[in-house]
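# Reading the structure
Here are the chains, one letter per residue:
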Amino acid sequence: MNCFLLKIIASLMLLSLTCLANPNGNSHAPSPLAKKLGLQHGDLIFIKTSESAFDKAISQATQKDEVSYTHIGIFDLHLDSVLEAEPKQGVVRKKLEIFLKENPLFDIMRLTPKVAKNVDIQASIKRAEKHLGEPYDFTYTANNGAMYCSELVYEAFLDTKGRHIFSAKPMNFYAPDGSLPQYWEELFKKLQKPIPQGELGTNPNDMARDKVLMRVNKS
């Protein structure tokens, strides 16, 4: 066997080892910011309540603990970005740095190891990407070509058998004292839609308490 042929074989073996170590063919090192925060592919970034009328309305209807969350984004390590459904732009992708500048108060949560072993994170990211460009779902109803933030997470994260990781629960729009926040009253009147009180849905606070998640870092 001549020297040239040996070099070719050695090169092919090196290429095979590289592919085995990295089956996607690309290296995805975290950005300095992602590394600093300890973010991993598919982590969920939960945003804490701000002073906006929108956030207050969500918090009044869904808060059960001391900490209240009103928004969620899905972290994509490969593109150092966050996939989210937000009121102004609908389903969009934003660079991690921009997303955190807009939402400086946050906690980072991750699927527990027991759950994660049955979830293809990259497939979940791809499912979320399919909704890019859809408008924000102000009616909070399912299968209508629009998405709200926790709905995007709910639809994206399935296990390897195609089952939803998170649980849908009866939605509530009323404050603890039984009153309807002015924001919701005006919104649904403007939309000329009934309030989907009691219909199955999701919200950031319920998701944050779900046993499939663990908190790994916080601001």
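Above: the structure in question.
What this report covers is the structure whose coordinates are included nearby.

Each value, and the rule that gives it
- Residues numbered from 1 in each chain as written.
- Predicted model: local features only at pLDDT ≥ 70, side-chain atom pairs only at ≥ 80, totals over all residues.
- Heavy atoms only, no water.
- Core = buried A, V, L, I, M, F, W, Y, C linked by side-chain atoms within 4.5 Å.
- Buried < 20%, exposed > 50% of the residue type's maximum accessible area, 1.4 Å probe, protein only.
- Helix = DSSP H or I, 4+ residues; strand = E, 2+ residues; numbered from the N terminus.
- Contact = heavy atoms within 4.5 Å.
- Pairing = 2+ DSSP bridges.
- Arc of directions from axis to C-beta.
- Polar contact = N/O pair within 3.5 Å; in protein donor to acceptor, adjacent residues only side chain to side chain.
- Phe/Tyr/Trp six-rings, centres within 6.5 Å; stacked < 30°, edge-to-face > 60°.
- Salt bridge = Lys/Arg side-chain N within 4 Å of Asp/Glu carboxyl O.
- Axes fitted to C-alpha atoms, helices over the stretch in contact; angles between N-to-C directions.
- Parallel < 35°, antiparallel > 145°, perpendicular 65-115°, else oblique.
- Left-handed = near helix turned anticlockwise from the far one by under 90°.

## A short note on the nonpolar core
- Ranked by size, the top nonpolar core spans 34 residues in total, and within it Leu-44, Phe-46, Ile-74, Phe-157 and Phe-166 carry the most contacts.
- The dominant element in this core, judged by the number of residues it contributes, is helix H7 (residues 149–156), at four residues.
- Each residue touching Leu-44, except ones within four places of it in the same chain, is listed here: Ile-72, Gly-73, Ile-74, Asp-107, Ile-108, Met-109, Val-153, Phe-157, Phe-166 and Leu-213.
- The next biggest cluster of nonpolar side chains, apart from the first, holds 13 residues, and it includes Ala-34, Leu-39, Ile-45 and Leu-77.

## Notes on the pairing of strand S5 (residues 106–111)
- Within S5, six of the six residues are buried, which leaves it mostly tucked inside the rest of the structure.
- Sheet topology note: the strand S1 (residues 44–48)/S5 ladder contains four bridges and is antiparallel. Considered in S5, the bridge of Ile-45 is made with Ile-108.

## Notes on helix H6 (residues 121–129)
- What H6 keeps buried is the set Ser-124, Ile-125, Ala-128 and Glu-129. Axial view of H6: buried residues confined to an arc of 140°, hence all on one face.
- Among the residues of H6, the N-terminal cap falls to Asp-120, whose side-chain oxygen and the backbone nitrogen of Gln-122 are separated by 3.1 Å.

## Focus on the packing of aromatic side chains
- One pass over the structure, following the stated rule, counts 11 aromatic pairs.
- Seen in terms of ring centroids, Tyr-140 and Tyr-148 are 5.0 Å apart; in terms of plane orientation they differ by 50°. Their pairing is tilted.
- Looking at Tyr-140, the relative accessible area reads 6%, which means it is buried.
- When the centroid spacing of 5.9 Å and the interplanar angle of 65° are considered together, the rings of Tyr-140 and Phe-173 count as edge-to-face.

## Observations regarding the pattern of salt bridges
- Counted according to the given criterion, the structure contains 12 salt bridges.
- The salt bridge involving Lys-94 is made with Glu-86; its shortest N-O contact spans 3.4 Å. Across this residue pair, the class does not change: Lys-94 and Glu-86 are buried.
- Note that Arg-163 is salt-bridged to Asp-159, the shortest N-O span being 2.8 Å.
- Given the relative accessible area of 13%, Asp-159 is considered buried.

## Let's talk about the environment of Val-92
- Following the sequence through the fold, Val-92 ends up in strand S4 (residues 90–95).
- By relative accessible area, which is 14% here, Val-92 ends up buried.
- Through-space distance from the C-alpha of Val-92 to that of Glu-134 is 8.3 Å; in sequence the pair is 42 residues apart.
- Those residues within four positions of Val-92 in sequence are excluded, and the remaining contacts are Val-82, Leu-83, Glu-84, Glu-86 and Leu-132.

## Let's talk about the side chain of Lys-94
- By secondary structure assignment, the location of Lys-94 is in strand S4.
- Within the structure, the side chain of Lys-94 is placed 2.6 Å from the side chain of Glu-102, a separation counted as a polar contact.
- Not counting residues up to four positions away in its chain, the partners in contact with Lys-94 are Ser-81, Val-82, Glu-84, Glu-86, Gln-89, Phe-99 and Glu-102.

## Describing the packing of H6 against H7
- Two elements in contact, H6 and H7, have axes whose closest approach is 8 Å; the angle formed by their N-to-C orientations is 135°. One finds that H6 runs oblique with respect to H7. Like other packed secondary-structure pairs, H6 and H7 cross with a definite hand, here right-handed. For the pair formed by H6 and H7, the contact residues are Ser-124, Arg-127 and Ala-128 on the first element and Leu-152, Glu-155 and Ala-156 on the second.

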